[in-house]
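Spelled out from the first residue to the last, the chains are:
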Amino acid sequence: GKSEGRNVYRFFEPGMDAMVRERQVLETDLEAALPRREFELDFQPIMNIASGDIVGAEALMRWRSPARGLVAPDDFIPAAEETGLIVQLGDWALRKACTAAAGWPHAMRIAVNVSAVQLKSGTFTRSVISALAFSGVPADRLELEITETVLMDESDTVLKTLSQLRDLGIRIALDDFGTGYSSLGYLRRFPVDKIKIDRSFIRDMDNRDTAAIVRTVIGLGAQLGITVTAEGVETEAQLDMLREAGCVEAQGYLIGVPSKAADINRLLRSAAAL
Ligand code: C2E
Ligand code: CA
Ligand code: CA
Ligand code: CA
């Protein structure tokens, strides 16, 4: 409407006040949660489609808040990024994830999500080296998942950090591929090892056009020598289509839901016994 441009008045709307206060309480609670050890990691298996082997797992953070219950990352990561807490929290996640992976079969990779704020901190490479040394996990078993927004800001620190990490042998995955403004542009700007096709594309693969896009991205990955992982695979029909299209890896509820480290270990043991 006409008043749309007068954004300044929005700050004085009654509902807004409550929202700002709620956000402040969230940020305060988050700061206290780390020393109280309220954060947890779940691990979701990633399967090689051709072999059926579990070749890795992605660490996914949860906040078990006494006051709020189990909080999903989408509901607290943005606030942790705003306060800068994500730097400490991300360091914790890296260490925890690598420590869990140290007990897995050596062919299995551990994938950890990384926020732009961490990459801009200037201390990230040191944190990664420290987590690897602490856990004894070799660099080539660690995969860092970044979204396109990380590459969007084109900061020198971010690109330099990513190059340093890659030189160490760490793999970089482009997460939520296809949801950004210039997915292809980012592939040119920075060499990545893996593309993760966003689950919104996999969900709509029964649509002919969407299926064509998915097949094209899979072909693109093959041409560029980049591993392609399909996210959010929930049905056998989706897995069949992905297999036919030559997709390398699949992740989703069909393969396995995010689980505690102990459950992943159990799953691996029973798979090894087959
Ligand atoms: P993401 O990196 O795209 O992670 C995949 C999300 O999809 C996870 O949600 C996972 O539980 C969910 N998922 C997996 N398979 C399926 C499926 O078959 N169907 C459906 N509907 N969903 C599926 P989650 O755990 O709620 O995480 C949400 C987002 O929070 C992640 O998206 C990631 O961007 C962020 N995140 C999680 N852990 C961390 C972390 O340690 N650090 C940072 N910076 N971000 C994190
Ligand atoms: Ca991810
Ligand atoms: Ca994703
Ligand atoms: Ca996502």
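For the structure, check the block above.
Residues numbered from 1 in each chain as written. Chains lettered and ligands numbered in written order. Predicted model: local features only at pLDDT ≥ 70, side-chain atom pairs only at ≥ 80, totals over all residues. Heavy atoms only, no water.

Visitor: What am I meant to see in the overall build of the protein chain here?
Guide: If you tally the helices and strands in the protein chain, you get twelve helices and nine strands. For the protein chain, the C-alpha radius of gyration of 20 Å lies close to 19 Å, the compact-globule estimate for 274 residues. Counting across all 274 residues of the protein chain, residues that qualify as buried make up 44%. Sequence-distant contacts in the protein chain: of pairs separated by 6 or more residues, those separated by 24 or more amount to 66%. Accessible area of the protein chain: about 14,600 Å², with a carbon and sulfur share of 52%. Positive and negative charge centroids in the protein chain, built from 31 and 39 side chains respectively, lie 3 Å apart. (Helix = DSSP H or I, 4+ residues; strand = E, 2+ residues; numbered from the N terminus. Rg over C-alpha atoms; globule rule 2.2 N^0.38 Å. Buried < 20%, exposed > 50% of the residue type's maximum accessible area, 1.4 Å probe, protein only. Contact = heavy atoms within 4.5 Å. Areas by Shrake-Rupley, 256 points an atom, 1.4 Å probe, with all protein chains shown as cover. Lys, Arg positive; Asp, Glu negative; His and termini not counted. Charge placed at Lys NZ, Arg CZ, Asp CG, Glu CD.)

Visitor: Help me understand the coordination of the calcium ion (ligand 4) in this model?
Guide: Protein coordination at the calcium ion (ligand 4) comes from Asp176 (OD) and Asp176 (OD), with a distance range of 2.9 to 3.1 Å. The metal-metal distance between the calcium ion (ligand 4) and the calcium ion (ligand 3) is 4.0 Å, with Asp176 coordinating both. (Donors = N, O, S within 2.8 Å, 3.2 Å for Na, K, Ca; no water.)

Visitor: Looking at this model, I keep getting lost on the packing of aromatic side chains. Mind explaining?
Guide: How two aromatic rings sit relative to each other is given by the distance of their centres and the angle of their planes. For the coordinates displayed, the defined rule picks out five aromatic pairs. Judged by centre distance (6.0 Å) and plane angle (75°), the ring pair of Trp63 and Phe76 falls under edge-to-face. Separated by 13 residues along the polypeptide, Trp63 in strand 2 (residues 54–65) and Phe76 in the loop between strand 3 (69–71) and helix 2 (77–83) bring together distant segments of the chain. With a relative accessible area of 0%, Phe76 lands in the buried category. (Phe/Tyr/Trp six-rings, centres within 6.5 Å; stacked < 30°, edge-to-face > 60°.)

Visitor: Please clarify how the coordination of the calcium ion (ligand 3) should be interpreted in this entry.
Guide: Around a metal, the perfect tetrahedron of four donors has angles of 109.5 degrees, and the perfect octahedron of six donors has angles of 90 or 180 degrees. Coordination of the calcium ion (ligand 3) by the protein comes from Asp175 (OD), Asp176 (OD), Glu231 (OE) and Glu231 (OE), over a distance range of 2.1 to 2.5 Å. The distance between the calcium ion (ligand 3) and the calcium ion (ligand 2) comes to 4.0 Å, with Asp175 serving as a donor to both metals. We classify Asp175 as buried; its relative accessible area is 7%. Overall, the relative accessible area of 26% leaves Asp176 in the partly exposed class.

Visitor: What exactly am I supposed to notice about unusual backbone geometry here?
Guide: Excluding glycine, residues mostly have negative phi values, and the peptide bonds linking residues are mostly trans. Positive phi values are uncommon outside glycine, yet Arg37 reaches one of about 55°. Here Arg37 is to be found in the loop between helix 1 (14–33) and strand 1 (39–48).

Visitor: Please clarify how the nonpolar core should be interpreted in this entry.
Guide: Soluble globular proteins tend to pack their nonpolar side chains together in the buried interior. By size, the foremost hydrophobic cluster in this structure holds 74 residues, and its most contacted members are Phe43, Trp104, Leu142, Leu144 and Leu242. In terms of residue count, helix 3 (residues 85–101) provides more of this core than any other element does, nine residues in total. With residues up to four places along the chain from it excluded, the contact list for Leu144 reads Leu94, Val112, Val114, Phe124, Val128, Leu165, Ile170, Arg171, Ile172 and Ala173. (Core = buried A, V, L, I, M, F, W, Y, C linked by side-chain atoms within 4.5 Å.)

Visitor: Explain the site of ligand 1 here, please?
Guide: In the neighbourhood of ligand 1, 20 residues make up the surrounding shell, with Gln44, Arg62, Arg199, Glu234 and Tyr253 lying closest. One nitrogen or oxygen atom from the main chain of Met61 is found 3.1 Å from a nitrogen atom belonging to ligand 1. A distance of 3.1 Å separates an oxygen atom of ligand 1 from a polar atom in the side chain of Asn113. Within the complex, the protein chains bury 84% of what would otherwise be the 810 Å² of accessible surface of ligand 1. Broken down by secondary-structure element, the contributors of at least two residues to the shell around ligand 1 are strand 2 and strand 6 (171–177). Examining the composition of the shell around ligand 1, we find that four residues originate from one element, strand 2, more than from any other. (Near = heavy atom within 4 Å. Polar contact = N/O pair within 3.5 Å; in protein donor to acceptor, adjacent residues only side chain to side chain.)

Visitor: What am I meant to see in the side chain of Ser259 here?
Guide: Assignment of secondary structure puts Ser259 in the loop between strand 9 (249–250) and helix 12 (261–272). Its relative accessible area of 18% is what places Ser259 among the buried residues. One polar contact links the side chain of Ser259 to the main-chain carbonyl oxygen of Val257, over a distance of 2.8 Å. The contacts of Ser259, once residues within four sequence positions are left out, are Asp42, Phe43 and Ile264.

Spatial relationships are all this shows, so hold off on functional conclusions.
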